[in-house]
Amino acid sequence: MESALVYCKEDEKYAVKPDAFGSYMQYCYMVQQYTPQDFRYSFIKYFMQLLEKQLDWKVYNCKITYSATAYLANLLDVKVYLEDINYDYIITQQLEKDKKHPVFSCFYEALGRFPLPAVEEHLMRVLVTSAANVRMDCFIQKGFSAVKNNIPKMYPKVEDAGYLSRYLCLILKKKSDLKQLSRSGKLEQLRKACYQELVNRADFRREMPYDKFHIKVDASGIYQEKGSRIFFETEEYLHALIV
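If you're wondering where the values come from, they're calculated on a predicted model, not measured in any experiment.

(A) Up close: the overall build of the protein. When helices and strands are counted, the protein shows eleven helices and eight strands. Projected onto its principal axes, the C-alpha coordinates of the protein cover approximately 60 × 35 × 35 Å. Of the accessible surface of the protein, which amounts to about 13000 Å², a share of 52% is contributed by carbon and sulfur atoms. Across the protein, the mean location of the 35 positive side-chain charges is 6 Å away from that of the 31 negative side-chain charges.

(B) Structural detail: the nonpolar core. One finds Phe139, Leu170, Phe213 and Ile215 to be the most contacted residues of the largest nonpolar core, which totals 38 residues. The set of elements that each furnish at least two residues to this core consists of α2 (23-31), α6 (131-154), β5 (158-164), β6 (167-172), α8 (186-201) and β7 (215-218). Sorting elements by how many residues they give to this core places α6 first, with nine residues. Each residue touching Ile215, except ones within four places of it in the same chain, is listed here: Leu168, Leu170, Leu187, Leu190, Arg191, Cys194, Leu241, Ile242 and Val243. Tyr34, Ile64, Leu82 and Leu111 belong to the second largest nonpolar core, which has 34 residues in total.

(C) Structural context of the environment of Met136. Here Met136 shows up in helix α6. For Met136, a relative accessible area of 4% gives the class buried. Met136 sits 71 residues away from Glu207 along the chain, and the two C-alpha atoms are 9.1 Å apart. Contact partners of Met136, with chain neighbours within four places excluded, come to Arg166, Met208, Lys212 and Phe213.

(D) Main features of the packing of aromatic side chains. Applying the stated criterion to the full structure yields 13 aromatic pairs. Note on Tyr7 and Phe39: the rings are 5.2 Å apart at their centroids and 45 degrees apart in plane angle, and the pair reads as tilted. Note that Tyr7 is positioned in helix α1 (residues 2-11) and Phe39 in the loop between α2 and α3 (41-54), a separation of 32 residues in sequence. By relative accessible area, which is 0% here, Tyr7 ends up buried. Its relative accessible area of 29% is what places Phe39 among the partly exposed residues.

Rules of the game
- In this numbering scheme, every chain counts its residues from 1 along its sequence in written order.
- Local features in a predicted model are, by the rule used here, given only for residues with pLDDT of at least 70; side-chain atom pairs are given and counted only at 80 or more, and totals for whole chains, interfaces and linings are based on all residues.
- Think of the side-chain values as coming from all heavy atoms in the structure, minus any hydrogens and water.
- Counting from the N terminus, the helices are the DSSP runs of H or I reaching at least four residues and the strands are the DSSP runs of E reaching at least two.
- The accessible surface values rely on the Shrake-Rupley method and a 1.4 Å probe; as for residues, cover is taken only from the protein chains in view.
- His is not counted here, nor are the chain ends, while Lys and Arg score as positive and Asp and Glu score as negative.
- The atoms used to mark charge sites are NZ of Lys, CZ of Arg, CG of Asp and CD of Glu.
- In this text, buried Ala, Val, Leu, Ile, Met, Phe, Trp, Tyr and Cys residues form a nonpolar core when linked through side-chain atoms within 4.5 Å.
- For every residue, the accessible area obtained with a 1.4 Å probe (protein chains only) is divided by the maximum for its type, and the residue is called buried under 20%, exposed over 50%, and partly exposed between those limits.
- Pairs of residues are marked as contacts when any of their non-hydrogen atoms sit within 4.5 Å.
- Any Phe, Tyr or Trp ring, taking Trp's six-membered ring, that has another such ring centre within 6.5 Å forms a pair; planes under 30 degrees apart are called stacked, those over 60 apart edge-to-face, and the others tilted.

Structure follows, in structure tokens:
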């Protein structure tokens, strides 16, 4: 279809492509803005204004592309990065419950003012993504080795460190007294030390201020006994203390 070819060709002009892999590239794609010369520029700008006004969404950025999978499925992907959510979800015209979602009326209102080639030939899905989670995932991955190597040396109660999505998790010695460590301020010290190690390795201080950064701490022993892969699928991880 014409529209698929147009979008794919246009995206080739940018340093970071829609199908970029890895947390750092996902972050770079999120912050990359369309240029005024891009035929999507005016449409996206107006679409974002409508989302903020009509849905009360705090929109960081928005992208409209065809991925290889979406093209085969005859789907237009619209990715909306929001500042005020902490989880991702999808709204798709393929589902009856989503067809009348106001995000689509915003899209078509913007389309009426700034037409895009052949876009109405496609079904659409809107991928709503947490901008904070994209930042955090990149922030932690870039500095994780420093935390894993240095924090256990600084704090003997820490045996290891792991991470999943937006949380860095510190593994404490089994049955450590978390309440006592919290009262004494030790857990807050750990949080500050982890943040500093991450900032030293990946200077995201402006994009990820300290008040947005949190760690999980676990003293259940599951991580040591069953390994990290099993640990992150357990109830213990889900209910680990957030500091």
